[in-house]
Structures are given as C-alpha cells and as structure tokens.
Protein chains: 2
Amino acid sequence: MTNTKVVLANRPTGAVEDSNFDLVTEEMAPIKQGEVLIKIEVISLDPAIRGWMNEGTTYIKGIEIGAVMRSFSAGEIIDSQNDAYEVGDYVTGLLGSQTYAISSGEGLKKLDMSSGKLSHHLGVLGMPGMTAYFGLLRRGQPKSGEVIYVSGAAGVVGSTVGQIAKIKGCIVIGSAGTDAKCAYLVNECGFDHAINYKTEDINAKLKEYAPKGVHIFYDNVGGETLDIALMNLAQGARVVICGAISQYNDMANIKGPKNYMKIVTARGVLTGIIVFDFVQEWPMAVEEIAGWIAEDKINVKEHMTEGLENYATTLKMLYSGQNFGKLILIP
Amino acid sequence: MTNTKVVLANRPTGAVEDSNFDLVTEEMAPIKQGEVLIKIEVISLDPAIRGWMNEGTTYIKGIEIGAVMRSFSAGEIIDSQNDAYEVGDYVTGLLGSQTYAISSGEGLKKLDMSSGKLSHHLGVLGMPGMTAYFGLLRRGQPKSGEVIYVSGAAGVVGSTVGQIAKIKGCIVIGSAGTDAKCAYLVNECGFDHAINYKTEDINAKLKEYAPKGVHIFYDNVGGETLDIALMNLAQGARVVICGAISQYNDMANIKGPKNYMKIVTARGVLTGIIVFDFVQEWPMAVEEIAGWIAEDKINVKEHMTEGLENYATTLKMLYSGQNFGKLILIP
C-alpha cells in the first residue's frame, strides 16, 4: 500500500512558489496497536499555512523540511487497532496533505456527520468557523445595533463573522476583492454593505456606511486596510486581529498600523483570536453554527480543487484572493 | 496692566522650531462680573503640546494660529469677581503660557496646598501624575509579582508609573536616554532595572531582566521601542499606549508597530489612556499620590527653567530628552 504526500522541500522567502514543495509517494507500514488508518477525502487550505512554513515558532511549531505539509484534513477510518475508533468513522485533525494518514488517535476528532457534510467540518464547522465564532463573540462582543466591519469578508472566516453578526443584530460591512464577491456578501450572506477594495475607496465608503464609526473591526487582512479601519473607529471600538493575509508573504517587513494611536483616542482595545484557546468549547459552537446553517441563516460557499499535484497552485490562490469560498483540496 | 504671552505663530511641519512662536505683550482689560484674575507662577510643558500644535482635531482641538500656547499652568488669584474664588486662592487649569490669565472659573481647579507644592500640581499631582495613575491601575491592572516595562521612564509619567508599580509589588524595568537618568531610576525611584536605550540593546536587556516576558508595557515612546517590547510580551500581557514621543515630530509618517501580531499570539490586549476620562476621580488619586509622596514612596524630580522668552528652547528639550524631571517654566 502506498501513500502520496506533499512535503516541504524548502522555505519560501517571500510568496509561496511551486518549488517549495515535493510530491512524494512511499510504501506504508501496516498500522500498529493503538493506531488507525484514515483515507483522507478533503484537505483544508488555510492562510495560516504560510506562517507554518517559516522556521521558528509562533503559537505553533514551523513545519520541518521534508515533513508533510500540515493541514486540517478529514476522512474515513479504513483500518483500526484502536478501540475508540471503528472502520467507517469519519474523523478530522491535523492529518496533513496526503492520501492516507496514520494516527494514534491523539488530536483526532470524531465527526458527527448529521451536523454537516464532511468538507463543512474543515470550514464553517472547523477551524475557520470556530475562529469566526469565538473571535467575534468573545473578543468583539457585538451588541445589537452596532456597526461591524470585516475585511477579507468573502473568505470563510469573514463571511461567517458577518453572518453571525447579522444574527446578533449588527449592521455589517465587508470588503472583498471582486464585484462578484461583493454581490455574494450582500445577496447571499445578507451583509448590509460590501466594498470592493480594488475599485472603491474604503475610507470614503466607511465614512458613508458608518458615519458614526465602526464598533467592531474584525481584521483578516492587515496593512493599509487596518490603517484605514483605525481611522474610522467609533468610541469604545474593539479591533479583533484574526489575520494579516496581505502581509504573510513578507513577514520580515510587515507594515505596522501607523494609525495605532487612534485606538487610544477612540478609547478602544486591540486584541486577537487564537482559536485553539477555545478548543473545549468547539462542540458547543459547532452545534450552534450547524443549527444556523439548517435554518438558512448561514450561507456556506466552497471552492474545491482536485489532485495533490495541484497543491501549490491551489494554495497560492489564497494569497492572491483567487479562491471564492472555502478552499478545499481533494487529494 | 499688561500680559505677556507665547502665541502660536505658525504650525511646525516636523520638529518644533523657535519661529513657530511669538512673544506678545498686550494691555489687559479689567475683569468682568464672574471672572477671576490669576497671576501664573508655574507653567507645565508636556509632550502632548506638539500634537495640539497640529491642525485638525484628535481628542482635543488644535491650538489656533495667534492663540496663546495651551498649557496647564498654576498660580494665585489676585482679583476676583466670582463668589467661588477669593484673592489668595491657588488654582490650576488650562491657563496657557502667559504671565496672567483671566478665567470664568470654568475648568478651574482650586488647589489644596497642603497636598504638595504648587509645581507638583502640574506634575505628579497634575495631569501627568493622573495619566500615570489611571493608565497603570485601570488599563494595566498590575498584579503583585508581575513584570512591567515602562519606556520614557525618567519622565514624570514614566517615573510615577514605575514607582506606583513598585508599591503594587511589581518587578519594574524602565528605559531612559542617559546613564544619569538610569541611575536615578534605580537609586532614587527604586526601579529593579534600568536600560539606557542609547547605549544598550533593549531587546537583549529585556530578555535578561524579564526572561518570561513583560506582563505590562506602559509606552510613552512608540516607534522601535514599541516593536521591541512587543517581541517580549508575556502571555496575557497588557500594552498601555500613553504616548509616542519618538514620533511626535513627524506625525504624518508615524512608524506603526510591525510586531503587532505578537499581541495576538501573546493573548494580549493593546489599549490606551486618555486621562480626561477619569477627571471625576482625580481628587481621590491626588490624595493617594500625595500620601505616597509624604511616605517617601514616590520621588519627585523637577526641571525648572525661567522666562517666557525661553519657551521654545524649553519645549524642545522634551522631544530631545534633554530635560531631567518634570519640565516647568516659570514665566
């Protein structure tokens, strides 16, 4: 039996390149006592991967050279030497970008397939959905009637943040990079306003849509977008830093927010979201979001590609904004 | 009777220059019903003045061209047509940089001269002391045993923050720009460690003095200092932005903190202090600080200069770090 996997060949210095990866096929040893064999059906490609490719540690270790590319993946157990898992169980975890994974069960999560299709467990019911849920509700603390601005709004985190904020009674503004994405936000996700940051003046539009300022800014983008949002804070604003995708390809020269003193004059706070801090509460959040999906209060959009040989091409879409919906690779 | 005052002649584009000010002497009209006449004895020169010289509004209006330079000043009432004030009362307020001020009583604060000498009411018992007190205690929320790093530590705000933090049981690190200031912090203010940012490597010293990171960073400086502090945060750190004196001379090109994502990974929060938000509680804080001074728990250092004609020269000392102690101009 053979496994095919994408491994880290070398570390990128700027943007991700095809040459950073190797596709390796190798014989698999049979599973040992306590282990399970998983046939991976869906692989999640998330912005955080670029950070994981750097050496050194942030909140989680960098991927080692030659190791399989880290990713949340999901699939079916096809062999088990572990009493906690049966053949036919569906599971997710940091199973990597490969066709098969062997796991001791540590960090593995059995999926309740009644709460959503398998790929949803990598998106709106997985890490990105949890990031949206806890980042917005625990850090942003939205109150009915408040204005929230979400950058990178067409991504799975951003669109989920905006839709949960609508459920909580907020006025929701999102920015994205194409007219199609903006139309999607307003027409299918129920956002009040969408801004095409490539063709519109974000600052002018924020002043039009939020004349009294933004109470919550949920940032997935960083850079200039963050600076513009800081100029438009309402008194008592919460700035929730989730990501900085505009800066990930050149982490050594990150553009810091020159308007950070606006947080002081707005009597605001800047904080962030590390989704792993809430892992004990994920099941509760999964259940609540699954309920909202069933009630059609949350729209889920996925962007699927196929074939591990397309790993690099697919990953690069994230950083150029070419994907439209949660990016999923089918190995 | 004549009044001599420093007025704003034009707005600086970068650093403050002598030509930004005019010294004007003019006849004074007699005071009207409800007014008091104050002979100003001490004028406070604070970092915030540079911001007030810009057009446009931040948390407080900019000074108008031709208007007296705004400052907290203090002096004695020498004539009164207001029942709330008697000749001989000492008062403070935004009375400007001049020899005499006429006030309707609005914003005027009668001083309890038993709690400290007049100039103290402009420093450790005035706005800077209140900024230290509320910024540290309400925003920083120090706990005994925690490590605090204060930048601009030899200034009145910084030295007061550090000394209150010592009273609260913290380990206190301060940075300043001369060996004499560093010696003062350790020997006279009881700081545990002082770093000369001009001759020492702040990052290396923070790693030595706070190997587990800094729980509270109280920032008066901004720029590179802020970025270095962000690399040294403990989990759950509070970053309290008070000022950014390294950036005030070029507000259009402020260096934003490129390491701001470290606040996220440290599960920290960045917030700020606007001292006017606590004005109702100032009397309580004045009393507590006056008590600490009486018990020799807080050391007060002042740097006095004399003559309104030396206004510009004195103000410039603040931004080059040449003053040593609370800067007070005697008109």
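Everything quoted here is computed from the prediction, not taken from an experiment. (Residues numbered from 1 in each chain as written. Chains lettered and ligands numbered in written order. Predicted model: local features only at pLDDT ≥ 70, side-chain atom pairs only at ≥ 80, totals over all residues.)

**Student:** Help me get a handle on the overall build of chain A, residues and values and all.
**Tutor:** Across its full length, chain A holds nine helices and 15 strands. If one aligns the C-alpha atoms of chain A with their principal axes, the spans along those axes are about 65 × 45 × 35 Å. Across the 331 residues in chain A, those meeting the buried criterion constitute 47%. (Helix = DSSP H or I, 4+ residues; strand = E, 2+ residues; numbered from the N terminus. Buried ≥ 20, exposed ≤ 12 C-beta atoms within 10 Å, placed from the backbone.)

**Student:** Explain the relation of the copies chain B and chain A residue by residue, including any values.
**Tutor:** Each of the two chain copies can be brought onto the other by rotation about an axis and movement along it. Here chain B sits on chain A after a turn of 180 degrees about the axis and a move of 0.0 Å along it, with an RMSD of 0.0 Å. Seen this way, the second copy is the image of the first under a two-fold rotation axis. Measuring from the rotation axis to each C-alpha of chain B, the shortest distance belongs to Gly256(B), at 2.1 Å. Here 100% of the interface residues in chain B have copies in chain A that are interface residues too; the copies meet face to matching face. (Least-squares fit on C-alpha atoms with pLDDT ≥ 70 in both. Contact = placed C-beta atoms within 7 Å.)

**Student:** How would you sum up the environment of Ile38(B)? Please name residues and give values.
**Tutor:** All names here are of chain B. Mapped onto the elements, Ile38 comes out in strand S3 (residues 36-44). Sequence spacing of Ile38 and Glu17 is 21 residues, and the spatial spacing of their C-alpha atoms is 29 Å. When neighbours within four sequence positions are excluded, Ile38 is seen to be in contact with Gly75, Glu76, Ile77, Val91, Leu95, Tyr100, Ala101 and Ser103.

**Student:** I'd like a rundown of the environment of Tyr218(A), residues and numbers included.
**Tutor:** All names here are of chain A. Tracing the backbone shows Tyr218 in strand S11 (residues 214-219). Residues Tyr218 and Asn310, spaced 92 residues apart in sequence, show a C-alpha to C-alpha distance of 31 Å. If sequence neighbours within four positions are ignored, Tyr218 has contacts with Gly135, Leu136, Gly140, Ile148, Val150, Val161, Val240 and Cys242.

**Student:** Provide a residue-level description of the interface of chain B and chain A, including the pertinent values.
**Tutor:** Contacts between chain B and chain A engage 21 residues on the former and 21 residues on the latter. Elements that contribute at least two residues to the side of chain B that touches chain A include exactly helix H7 (261-265) and strand S13 (269-272) of chain B.

**Student:** Which residues make up the packing of helix H2 (residues 127-140) of chain B against helix H8 (residues 282-294) of chain B, and what values go with them?
**Tutor:** Residue and element names in this part refer to chain B. Here H2 crosses H8 at 95 degrees, and the two axes come no closer than 10 Å. Considering their axes alone, H2 and H8 lie roughly perpendicular with respect to each other. Along its contact with H2, which presents Gly129, Met130, Tyr133 and Phe134, the element H8 presents Trp282, Ala285 and Ile289. In the contact of H2 with H8, the residues fall into six nonpolar, one polar and no charged. (Axes fitted to C-alpha atoms, helices over the stretch in contact; angles between N-to-C directions. Parallel < 35°, antiparallel > 145°, perpendicular 65-115°, else oblique. Nonpolar A, V, L, I, M, F, W, Y, C, P; charged D, E, K, R; others polar.)

**Student:** Lay out helix H4 (residues 179-187) of chain B with the relevant residues and their values.
**Tutor:** All names here are of chain B. Inspection of H4 places Lys181, Cys182, Tyr184 and Leu185 among the buried residues, and these make up the whole buried set. Along the axis of H4, the buried residues cluster in a sector spanning 160 degrees; they form a single face. Exposed positions of H4 whose direction lies more than 90 degrees from the buried face are Ala180 and Asn187. Those residues of H4 that are buried are in contact with helix H3 (156-167), strand S9 (171-176) and strand S10 (193-196). (Arc of directions from axis to C-beta.)

**Student:** How would you explain helix H6 (residues 223-230) of chain B if you had to name every residue and give the values?
**Tutor:** Burial runs high along H6(B): six of the eight residues are buried. Those residues of H6(B) lying buried are Thr225(B), Leu226(B), Asp227(B), Ile228(B), Ala229(B) and Leu230(B).

**Student:** Give a detailed account of the environment of Thr4(B), specifying residues and quantitative values.
**Tutor:** Residues and elements named next belong to chain B. Tracing the backbone shows Thr4 in strand S1 (residues 2-8). The class for Thr4 is partly exposed, based on 15 C-beta atoms found within 10 Å. In this structure, the C-alpha to C-alpha distance between Thr4 and Asn196, residues 192 residues apart in sequence, is 39 Å. Those residues within four positions of Thr4 in sequence are excluded, and the remaining contacts are Leu23, Thr25, Gln98, Thr99 and Leu308.

**Student:** Go over the domain arrangement of chain A, please, and point to the residues and values.
**Tutor:** Residues and elements named next belong to chain A. According to the domain assignment, chain A consists of domain 1 (2-123 + 301-330) and domain 2 (127-276). Between the C-alpha centres of domain 1 and domain 2 the distance comes to 28 Å. If you look at the interface, domain 1 gives 14 residues, while domain 2 gives 15 residues. Split into classes, the residues belonging to the side of domain 1 that touches domain 2 amount to six nonpolar, five polar and three charged. (Domains from an automatic or database assignment.)

**Student:** How would you explain the nonpolar core if you had to name every residue and give the values?
**Tutor:** Core analysis: the biggest nonpolar cluster contains 193 residues, and Ile148(A), Val214(A), Ile148(B) and Val214(B) have the highest contact counts within it. In contact with Ile148(A), other than residues within four places in its own chain, are Gly140(A), Pro142(A), Ala165(A), Cys170(A), Val172(A), Val214(A), His215(A), Ile216(A) and Tyr218(A). (Core = buried A, V, L, I, M, F, W, Y, C linked by C-beta atoms within 7 Å.)

**Student:** Lay out unusual backbone geometry in plain terms, naming residues and giving numbers.
**Tutor:** Leave glycine aside and you will find that most residues have negative phi; peptide bonds, for their part, are mostly trans. Even without a glycine there, the phi angle at Arg267(A) is positive, about 50 degrees. Mapping Arg267(A) onto the fold places it in the loop between helix H7 (261-265) and strand S13 (269-272). Its identity as a non-glycine residue notwithstanding, Asp296(B) has a phi of 65 degrees, on the positive side. Along the chain, Asp296(B) falls in the loop between H8 and strand S14 (302-306).

**Student:** I'd like a description of the packing of H2(B) against H3(B), backed by residues and values.
**Tutor:** Residues and elements named next belong to chain B. As a packed pair, H2 and H3 sit with axes 8 Å apart at the nearest point and diverge in direction by 45 degrees. Considered as vectors, H2 and H3 are oriented oblique to each other. Where H2 crosses over H3, the handedness of that crossing is right-handed. Packed against H2, whose contacting residues are Pro128, Gly129, Thr131, Ala132, Tyr133, Gly135 and Leu136, the element H3 presents Val156, Val157, Thr160, Val161, Ile164 and Ala165 at the interface. In the contact of H2 with H3, the residues fall into nine nonpolar, four polar and no charged. (Left-handed = near helix turned anticlockwise from the far one by under 90°.)

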